[in-house]
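Below, each chain spelled out in residue letters.
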Amino acid sequence: MTLETAQSPAQSSWTTAAILIGRLIFAAVFLMAVVFKFADIGATAGYIAAAGFPFPLFLAWCAALLEVVLVACFLTGAFFSWAALVAAAYVLFLGFAFHGPSHWAGNQAEFGFFVDHFTFVAGLLFAAVHGPGRVLALRLGSMS
């Protein structure tokens, strides 16, 4: 007997709700990020350039498009585990690139922003392993 089949109906309902809420939170975080990018892609490009990356406008558009795809995956459940893994790698990269150790001397709050990325990565990795749930989830690109 697996843990899943041993759950009571109340736990199953709670689990379903928690998974859906988690998916909505992931989608909302990336949706907010992409809305800010689309609202002023030039400012995003400026932030990317200030971090020392080449082709900042191109990279800003790439980030925005990636975030749109992540939102779609988190909302629909399609390619969910893959999207969660890509999102985890992306968030980890962002943490190091924009809030990493080289930024801590200038602003101690950057260390907090850096650590926050790891908590988000942990949630994304957990989601990648457990998948999008059974409700309101397309099963396209499932890892299992």
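Residues numbered from 1 in each chain as written. Predicted model: local features only at pLDDT ≥ 70, side-chain atom pairs only at ≥ 80, totals over all residues. Heavy atoms only, no water.

## Re the pattern of salt bridges
Oppositely charged side chains may form a pair once their charged atoms are brought near each other. The final tally for this structure, using the stated rule, is 1 salt bridge. Among the salt bridges present, the one from K37 reaches E67, with a minimum N-O distance of 3.0 Å. Within this pair, whereas K37 is found in helix α2 (residues 9-39), its partner E67 is found in helix α4 (residues 56-76), the two being separated by 30 residues in sequence. (Salt bridge = Lys/Arg side-chain N within 4 Å of Asp/Glu carboxyl O. Helix = DSSP H or I, 4+ residues; strand = E, 2+ residues; numbered from the N terminus.)

## Section: the packing of aromatic side chains
Taken as a whole and judged by the stated rule, the model has 15 aromatic pairs. Measuring from ring centre to ring centre gives 5.4 Å for F26 and F74, while their planes differ by 40°; the resulting arrangement is tilted. Placement of F26 in helix α2 and of F74 in helix α4 is noted, with a sequence separation of 48 residues between them. Both residues of the pair, F26 and F74, count as buried. Look at F26 and F120: their rings are 5.8 Å apart centre to centre, the planes differ by 45°, and that puts the pair in the tilted class. Of this pair, F26 sits in helix α2 while F120 sits in helix α7 (residues 109-130), and the two are 94 residues apart along the sequence. For the pair formed by F26 and F120, the shared burial category is buried. By way of ring pairs, the aromatic residues F26, F30, F74, F80, Y90 and F120 are connected into one cluster. (Phe/Tyr/Trp six-rings, centres within 6.5 Å; stacked < 30°, edge-to-face > 60°. Buried < 20%, exposed > 50% of the residue type's maximum accessible area, 1.4 Å probe, protein only.)

## Observations regarding the nonpolar core
Of all hydrophobic cores here, the largest spans 20 residues; its most connected members are F30, F74 and L124. For this core, the secondary structure elements donating two or more residues are α2, α4, α5 (80-99) and α7. Here the element with the most residues in this core is α5; it accounts for 7 residues. Among the nonpolar cores identified, the runner-up in size contains 6 residues, and A45, I48, A60 and F98 belong to it. (Core = buried A, V, L, I, M, F, W, Y, C linked by side-chain atoms within 4.5 Å.)

## As for the confidence of the model for the protein chain
Any segment with low pLDDT has predicted coordinates that should not be analysed in fine detail. Scored by pLDDT, the protein chain comes out at a mean of 88, with 90% of its residues at no less than 70. Looking across the protein chain, the model is least confident in helix α1 (residues 3-6), with a mean pLDDT of 44, and most confident in α4, with 97. Across residues 1-8, confidence stays below pLDDT 50; counting only partners more than four residues off in sequence or on other chains, it has 4 contacts. (pLDDT = per-residue confidence, 0-100. Contact = heavy atoms within 4.5 Å.)

## Remarks on the packing of α4 against α5
Interaxial distance between α4 and α5 falls to 9 Å at its minimum, and their mutual angle equals 140°. Viewed along their axes, α4 and α5 form a crossing whose handedness is left-handed. Counting all contacts with α4, which are made through A63, L66, E67, L70, C73 and F74, the residues of α5 involved are F80, A83, A84, V86, A87 and Y90. A breakdown of the residues in the contact of α4 with α5 according to their chemical character gives 11 nonpolar, no polar and 1 charged. (Axes fitted to C-alpha atoms, helices over the stretch in contact; angles between N-to-C directions. Left-handed = near helix turned anticlockwise from the far one by under 90°. Nonpolar A, V, L, I, M, F, W, Y, C, P; charged D, E, K, R; others polar.)

## Concerning a nonpolar patch on the surface
Together, F79, W82, L85, L125, L138 and L140 make up a nonpolar patch on the protein surface, roughly 570 Å² of accessible area in all. Position of F79 relative to the elements: it lies in the loop between α4 and α5. (Patch = residues over 30% accessible without salt bridge, like charges linked within 9 Å, V, L, I, M, F, W, Y side chains within 5 Å. Areas by Shrake-Rupley, 256 points an atom, 1.4 Å probe, with all protein chains shown as cover.)

## Quick look at unusual backbone geometry
Unlike most non-glycine residues, F55 shows phi in positive territory, near 50°. Secondary-structure assignment places F55 in the loop between α3 (41-50) and α4. Unlike most non-glycine residues, F79 shows phi in positive territory, near 55°.

## Overview of the packing of α3 against α4
It is the contact of α3 with α4, at a shortest axis distance of 8 Å, that shows an interaxial angle of 115°. Judged by the inter-axis angle, α3 sits roughly perpendicular to α4. The two elements α3 and α4 cross, and the hand of that crossing is right-handed. Along its contact with α3, which presents I41, T44, A45, I48 and A49, the element α4 presents P56, L57, L59, A60 and W61. (Parallel < 35°, antiparallel > 145°, perpendicular 65-115°, else oblique.)

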